[in-house]
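Coordinate analysis (summary)
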Amino acid sequence: MPIRILDAATIGRIAAGEVVERPASVVKELLENSLDAGATSLTVEIKDGGISYLRVTDNGSGIEPGQVRLAFENHATSKLMDAEQLSDIRTLGFRGEALPSIAAVSRVEMTTRAARQDTGVRLTVEGGENLRVREVGCPEGTTVVMRDLFFNLPVRKTFLKKPQYEAALVSDTVGRMIMGNPKVSFRFISNDRVVYHSFGDGELRHAIFAVYGRETAENLVEIDSYQGGMRIFGMIGIGEQAKSTRAHEAFFINGRSVRCPMLSQALESACRERVTIGMYPMCALNLVLPPTSVDVNVHPNKLEVRFRDEAATRLTAEAMLRTAFEGEGMLRRTPERQAEVRPVRTVEVVEPPVAEQQQINLIQTEVPDKQTEVEIIQTEAFNIQTEAFNIQTEVVNNNSDSLGPEESLQSLLDAERKKLRLAGLAGAAALHERLLPVTAPRPAGEEIPQTEPVAEPKIQSATGAQAAPNPAPAPYRVIGTLFHTYILLEWSDALLMIDQHAAHERLRYEQLSKAVQEGAASQRLLAPEILRVTAREMALVEENMDALSAVGYDISPFGERDVQIRAVPHILGRAELKPRFMETIEALAGMGSAALEARREEILQRACKGAVKAGDALSDSEIKSLLRQMQDSGAPPTCPHGRPVARTLTRREIERMFKRIQ
Ligand code: ADP
Ligand code: MG
């Protein structure tokens, strides 16, 4: 579509506001233009945080010589026809405001050559004036150089922060673009240093490597889920990869990098227990849904979107995000080679958003491919480089011997795929509904077949034992305990360290939650226990009676200053009763006006503390029994407060420590 000026009615409906606030907003707009132009390779270069110099070079479609001037007119765009189209935006840009806004506040030089043109065009403009165009020789694609931001608006300039800070914001913007566009190769240079270089091989893990480095890239949990006409795919960092702020939650809605409080909440709720209290999961998550169910025309910088049905979208998103952790257990570990990232080159990361981390990995809990996925379905639902949605669905059947009806499923999906190719996204909802049974959560208790040949010794799951006629030997060797606190195991090619206290707490928590769910949480005491409490504690007990009884306590005030306890949570012994109860009351005091559910959760967690403590020596048989319970439990590999239960040090890491390898 040629560039043209929007009509007044459309302009009136566009969310207006300041487009250019700082170098990072310029970079965002220029990169969006390059991506809309189908670029597969992009360079961003800045000097002094982008204030004095900022360049974006792309290998995209370029602009026809006769159209370059027009691109700098207000409200001139090639991406929007009329106001009606505003509800169905499929490009990153659509307002025709970025180039004129940038040109109005800086010195801009655009050099561009469209495909099929012999020569290119260079346009220069300063503070919106002296616009000049001349013919030049240049490669296909577009380069925009912006100099001296706010040179003509000295007051605005004073609002900019120090160059290092502005550079960090640009770096964050580029980092998000990299993770949102793994098929595009990005190079980001700041003051002559290469900060990021992504390879554009389409692998999200490699894109994350380019931004966060190896440690993070190797330890993220992958997700790809469909439900209710939506798809969520990407990576999530929990446990050790969690961060102290939300700054590392990167969301992309239909390929657009946005802030999304709704997805933040859904993610944090899905990751609760897997992230230490006060920390936030990190992620690069793509949400794909029909463009008509999300309004992108709500924010001047296009940084926020509005969902047509936010509550329903949130519920579905949360349910989908939970599937990322399905099938994981406390003692299952992805063989190292599967998680390993093999980037082509390494690049210096100047501003690593992650703090220096120890060379040890949190247990990876993805079950190897063939175990979890009967079908691997990859739907590339959104392709910002083409004008329309272009859906390609690929069905790979990994388990063709054991599945009877897969042929008909396959042909059904093939037919769907053809239909979708012809119809754009129209049929996507139907497709996703159809796919749902295939990717639906495995029913509880269903065994995970463990039959495929892998080099690593396998863990025998509780149900797996029936499946295999000859139970495999334990896949580990107990080395012993360290500081009476950590159980050390030789596990395949790694040293596994288990925090016995955290493991035990997690197991108790699982047991008790299950009992609570089944309504069997309570354990009656032979003789009631009387505890002396202060007036304040008495008030807390009375306030929290509901939550306490939900977890299994049967309590009533006994006179002014005593409480009588007649029953306690299922797993709590009499010996632990008093300290545990007092601790629980204290914790409740610190919770202010938290909701009942949060209080119940707190009581549940408190009840699970105790028994095996760090520092308690365990006998061999106690260790074995703990390990067996861990193997059999489907619990997450963190204690109920999100601390890791186990960590590994791989052979490779150990060899690196001793300089046997680099
Ligand atoms: P918008 O992106 O909202 O259309 P812009 O002011 O950012 O508005 O750009 C105006 C027009 O200039 C775009 O619609 C597009 O046709 C053209 N354009 C801008 N940047 C590029 C680029 N890097 N490659 C090709 N065309 C571009
Ligand atoms: Mg634009």
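Reading the values: rules and limits
Residues numbered from 1 in each chain as written. Chains lettered and ligands numbered in written order. Predicted model: local features only at pLDDT ≥ 70, side-chain atom pairs only at ≥ 80, totals over all residues. Heavy atoms only, no water. Helix = DSSP H or I, 4+ residues; strand = E, 2+ residues; numbered from the N terminus. Buried < 20%, exposed > 50% of the residue type's maximum accessible area, 1.4 Å probe, protein only. Contact = heavy atoms within 4.5 Å. Areas by Shrake-Rupley, 256 points an atom, 1.4 Å probe, with all protein chains shown as cover. Near = heavy atom within 4 Å. Polar contact = N/O pair within 3.5 Å; in protein donor to acceptor, adjacent residues only side chain to side chain. Nonpolar A, V, L, I, M, F, W, Y, C, P; charged D, E, K, R; others polar. pLDDT = per-residue confidence, 0-100. Pairing = 2+ DSSP bridges. Axes fitted to C-alpha atoms, helices over the stretch in contact; angles between N-to-C directions. Left-handed = near helix turned anticlockwise from the far one by under 90°. Salt bridge = Lys/Arg side-chain N within 4 Å of Asp/Glu carboxyl O. Phe/Tyr/Trp six-rings, centres within 6.5 Å; stacked < 30°, edge-to-face > 60°. Lys NZ or Arg CZ within 6 Å of the ring centre and 35° of its normal. Expected span 1.5 Å × (residues − 1). Patch = residues over 30% accessible without salt bridge, like charges linked within 9 Å, V, L, I, M, F, W, Y side chains within 5 Å.

In terms of regular secondary structure, the protein chain is built from 22 helices and 27 strands. For the protein chain, with 662 residues in total, the buried portion stands at 51%. In the protein chain, the share of contacts with a sequence separation of at least 24, taken over all contacts with a separation of at least 6, comes to 72%. Looking at the protein chain as shown, the accessible area adds up to about 30200 Å², and 51% of this sits on carbon and sulfur atoms.

The immediate surroundings of ligand 1 are formed by 22 residues, with N33, T77, S78, K79 and G96 found nearest. Residue S78 places a side-chain N or O atom 2.6 Å away from an oxygen atom belonging to ligand 1. Note that a nitrogen atom of ligand 1 is positioned 3.4 Å from one of the side-chain N or O atoms of T142. Summarising the interface, the protein chains cover 94% of the accessible area of ligand 1, which totals 530 Å² for the free molecule. Only α2 (23-36), β4 (76-77) and α4 (98-104) provide two or more residues apiece to the shell around ligand 1. Here the shell around ligand 1 takes three residues from α4, the largest share from any one element. A class-by-class count of the residues in the shell around ligand 1 yields nine nonpolar, nine polar and four charged.

A word on the confidence of the model for the protein chain. Mean pLDDT over the protein chain works out to 75, with 74% of the residues at or above the 70 mark. Considering only residues more than four positions removed or in separate chains, one finds that residues 333-339, a stretch of pLDDT under 50, has 25 contacts. Between residues 343-472, whose pLDDT stays under 50, and residues either more than four places distant or in other chains, the model counts 241 contacts.

For sheets, the rule is that strands pair by backbone hydrogen bonds, running either parallel or antiparallel. The antiparallel open sheet is built from three strands, whose spatial order is β24-β26-β25. Here the strands that pair on one side only, and so sit at the sheet edges, are β24 (522-532) and β25 (554-558). Sheet twist, expressed as the average angle between the axes of neighbouring strands with direction ignored, equals 15°. Bridge count between β25 and strand β26 (residues 562-569): five bridges; the pairing is antiparallel. The residue of β26 that forms the bridge with F558 is D562.

Let us now look at unusual backbone geometry. Phi is positive for N130, which is not a glycine, with a value near 55°. Mapped onto the secondary structure, N130 falls in strand β7 (residues 129-136). Not every positive phi belongs to a glycine, and N191 is a case in point at roughly 45°. When you line up the elements, N191 lands in the loop between β9 (185-190) and β10 (193-197).

What follows deals with the packing of helix α9 (residues 261-271) against helix α10 (residues 310-322). α10 packs onto α9 with a crossing angle of 35° between their chain directions and a minimal axis gap of 9 Å. For the pair α9 and α10, the crossing hand works out as right-handed. On the side of α9, the interface is formed by M262, L263, Q265, A266, L267, S269 and A270, while α10 contributes E310, T313, R314, A317, E318, L321 and R322. Residues belonging to the contact of α9 with α10 are distributed by class as follows: seven nonpolar, three polar and four charged.

According to the stated counting rule, one finds 26 salt bridges in the structure shown. The partner of E268 in a salt bridge is R246, and the shortest N-O contact between them spans 2.6 Å. Placement of the pair is E268 in helix α9 and R246 in the loop between β12 (230-237) and β13 (249-253), with a sequence separation of 22 residues. When its relative accessible area of 17% is taken as the criterion, E268 is described as buried. One salt bridge connects R651 with E655, and the closest N-O pair in it is separated by 4.0 Å. Taken as a pair, R651 and E655 lie in helix α22 (residues 651-657) at a separation of four residues, close to a single helical turn. Judged by its relative accessible area of 52%, R651 falls in the exposed class. For E655, a relative accessible area of 24% translates into the label partly exposed.

Quick look at the packing of aromatic side chains now. Tallying each qualifying case throughout the model produces two aromatic pairs. Aromatic pair F188 and Y196: ring centres 6.0 Å apart, planes at 40°, arrangement tilted. A relative accessible area of 2% places Y196 in the buried class. On the numbers, 5.4 Å between centres and 65° between planes, the contact of Y553 with F581 is edge-to-face. Note that Y553 is positioned in the loop between α18 (545-551) and β25 and F581 in helix α19 (residues 574-589), a separation of 28 residues in sequence. Assigned by exposure class, Y553 and F581 land together as buried. The cationic tip of K47 hangs over the ring face of Y53; the distance from NZ or CZ to the ring centre is 5.0 Å.

Taken together, the five strands give an open sheet; going across it, the order is β11-β12-β15-β13-β14, and neighbouring strands pair in mixed fashion. Both outer strands of the open sheet, β11 (221-227) and β14 (256-258), are each paired with one neighbouring strand and no more. Shown here is a sheet whose adjacent strand axes are inclined to one another by a mean of 20°, direction ignored. Contacts from helix α6 (residues 163-180) reach β13, β14 and β15 (282-288), with the element oriented near 55° to β13.

Taking 1.5 Å of rise per residue, the 14 residues of α2 would be expected to cover 20 Å, and the 20 Å separating its terminal C-alpha atoms lies within 8% of that figure. In terms of burial, α2 is largely enclosed, as 13 of its 14 residues are buried. G38 occupies a position one or two residues after α2 and carries a positive phi of about 80°.

A few words on the environment of V145. For V145, the position within the fold is in strand β8 (residues 141-147). Classification of V145 as buried rests on a relative accessible area of 6%. V145 sits 38 residues away from R107 along the chain, and the two C-alpha atoms are 8.2 Å apart. In contact with V145, other than residues within four places in its own chain, are Y53, L54, R55, R107, V108 and E109.

Time to look at a nonpolar patch on the surface. Together, L482, F483 and Y486 make up an exposed nonpolar region whose accessible area comes to about 300 Å². Note on placement: Y486 falls in strand β22 (residues 486-491). In this structure Y486 comes out as partly exposed when scored by relative accessible area, which is 32%.

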